[in-house]
Amino acid sequence: SKPKRLSFSWTPVKYNAGYAVQLSLTHDFEKILFTKTTDQNSLSWQPRQPGSIFWRVKPLDSYARPTSFTSVFMLKLISAPPRLLTPIAGSLLALRKKTKFADFVWSKTWHANRYVLEFSKTQDFKKVVYSKTLANTRYRWINPLEGEFYWRVTAQVLNNMFTKPSKVIKIKILTKLN
């Protein structure tokens, strides 16, 4: 899902005619994302992708005297981890011979291009027993392992950054039913 609008604010300057605000992908402001003039000492902006954002403000003097930009500020926009939708915590997946698969579904993550689905016998995931990299938010595990497992998903977003892993959910899979 899309992130909320970001709010920027700064200390007002007396005797000004407004402010020039700049946002950039780079510290040197070679890749400007957004420039706006405002008469307020705050501004909101809708980010388009995760990554580092640099911003600065310059008061516009009401007497046309030259002014300078403030120091450069940086913030890092990150995507939230996926939210696991099904199966839910504590689920018992009793699989029959004819339907020997288990479906796993999670939410989309802002600008994700891949998801890493992992299963472990332990909640700390020190030993992953099954892992799959996927382009979508759904996976059908055919002939799954039997037993108690913890599952989680991590999203890969732009520039090979990864979100934090999702919340961990414990499930039990039984496969020897008629």
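Treat the numbers as computed from the prediction; the structure is a model and nothing was measured.

Help me get a handle on the nonpolar core, residues and values and all.
By size, the foremost hydrophobic cluster in this structure holds 19 residues, and its most contacted members are Phe104, Trp106, Leu117, Trp151 and Ile171. Of all elements in the fold, only strand S8 (92–96), strand S9 (101–106), strand S10 (114–120), strand S12 (138–142), strand S13 (147–157) and strand S15 (169–177) reach the threshold of two or more residues within this core. Considering every element that reaches this core, the biggest residue donor is S13, with four residues. Once you skip the residues sitting within four places of it in the chain, leucine 117 turns out to touch Trp106, Tyr130, Ser131, Lys132, Leu134, Tyr139, Trp151, Arg152 and Val153. Of all hydrophobic cores here, the second largest spans eleven residues; its members include Trp10, Val21, Leu43 and Val57.

Pulling in residues and values, what's your account of the sheet that holds strand S3 (residues 32–38)?
Judged by pairing direction, the sheet is antiparallel, and its four strands sit side by side in the order S3-S2-S5-S6 without closing on themselves. The sheet terminates laterally at S3 and strand S6 (73–77), the two strands that pair on one side only. The mean inter-strand angle of the sheet, taken between neighbouring strand axes irrespective of direction, is 20°.

Run through the packing of aromatic side chains, naming residues and quoting values.
All told, the structure shown has 14 aromatic pairs when counted by the stated rule. Aromatic side chains tryptophan 10 and tyrosine 19 sit 5.5 Å apart centroid to centroid with 70° between the ring planes, which places their arrangement in the edge-to-face category. An identical accessibility class is assigned to tryptophan 10 and tyrosine 19; each is buried. Members of the aromatic cluster, connected to one another through ring pairs, are Phe104, Phe119, Tyr130, Tyr139, Trp141, Phe149 and Trp151. One cation-aromatic arrangement involves arginine 56 over phenylalanine 69; the distance from NZ or CZ to the ring centre is 4.1 Å. One Lys or Arg, arginine 152, reaches over the ring of phenylalanine 125 and ends 4.0 Å from the middle of that ring.

Can you explain the confidence of the model for the chain? Please cite residues and give values.
In the predicted model, the chain carries a mean pLDDT of 89, and 96% of its residues have values of at least 70. S10 holds the highest mean pLDDT among the elements of the chain, 96, whereas S8 holds the lowest, 82.

Which residues make up the pattern of salt bridges, and what are the values?
Within this structure, the stated rule accounts for three salt bridges. Of the charged contacts in the structure, one is a salt bridge between arginine 140 and aspartate 103, with a shortest N-O distance of 2.8 Å. Remark: aspartate 103 occurs in strand S9 and arginine 140 occurs in strand S12; sequence separation between them is 37 residues. Under the relative-accessibility criterion, aspartate 103 is labelled partly exposed at 28%. Between lysine 170 and glutamate 148 there is a salt bridge, with the nearest N and O atoms lying 3.4 Å from each other.

Explain the sheet that holds S12 to me, using residue names and the numbers behind them.
Strand order in the open sheet formed by three strands is S7-S9-S12, and the pairing between neighbours is antiparallel. Only two strands of the sheet have a single partner each, and these edge strands are strand S7 (84–86) and S12. Strand-to-strand twist across the sheet, computed as the mean angle between neighbouring axes with direction ignored, equals 30°. Pairing geometry for S9 and S12, over five bridges, is antiparallel. When the bridges of S12 are listed, valine 105 appears paired with arginine 138.

Any details on the environment of serine 9? Residues and values, ideally.
Mapped onto the fold, serine 9 is located in strand S1 (residues 6–9). Classification of serine 9 by relative accessible area gives exposed; the value is 53%. For the pair serine 9 and leucine 43, spaced 34 residues apart in the sequence, the C-alpha separation amounts to 6.4 Å.

Parameters and conventions
Residues numbered from 1 in each chain as written. Predicted model: local features only at pLDDT ≥ 70, side-chain atom pairs only at ≥ 80, totals over all residues. Heavy atoms only, no water. Core = buried A, V, L, I, M, F, W, Y, C linked by side-chain atoms within 4.5 Å. Buried < 20%, exposed > 50% of the residue type's maximum accessible area, 1.4 Å probe, protein only. Helix = DSSP H or I, 4+ residues; strand = E, 2+ residues; numbered from the N terminus. Contact = heavy atoms within 4.5 Å. Pairing = 2+ DSSP bridges. Axes fitted to C-alpha atoms, helices over the stretch in contact; angles between N-to-C directions. Phe/Tyr/Trp six-rings, centres within 6.5 Å; stacked < 30°, edge-to-face > 60°. Lys NZ or Arg CZ within 6 Å of the ring centre and 35° of its normal. pLDDT = per-residue confidence, 0-100. Salt bridge = Lys/Arg side-chain N within 4 Å of Asp/Glu carboxyl O.

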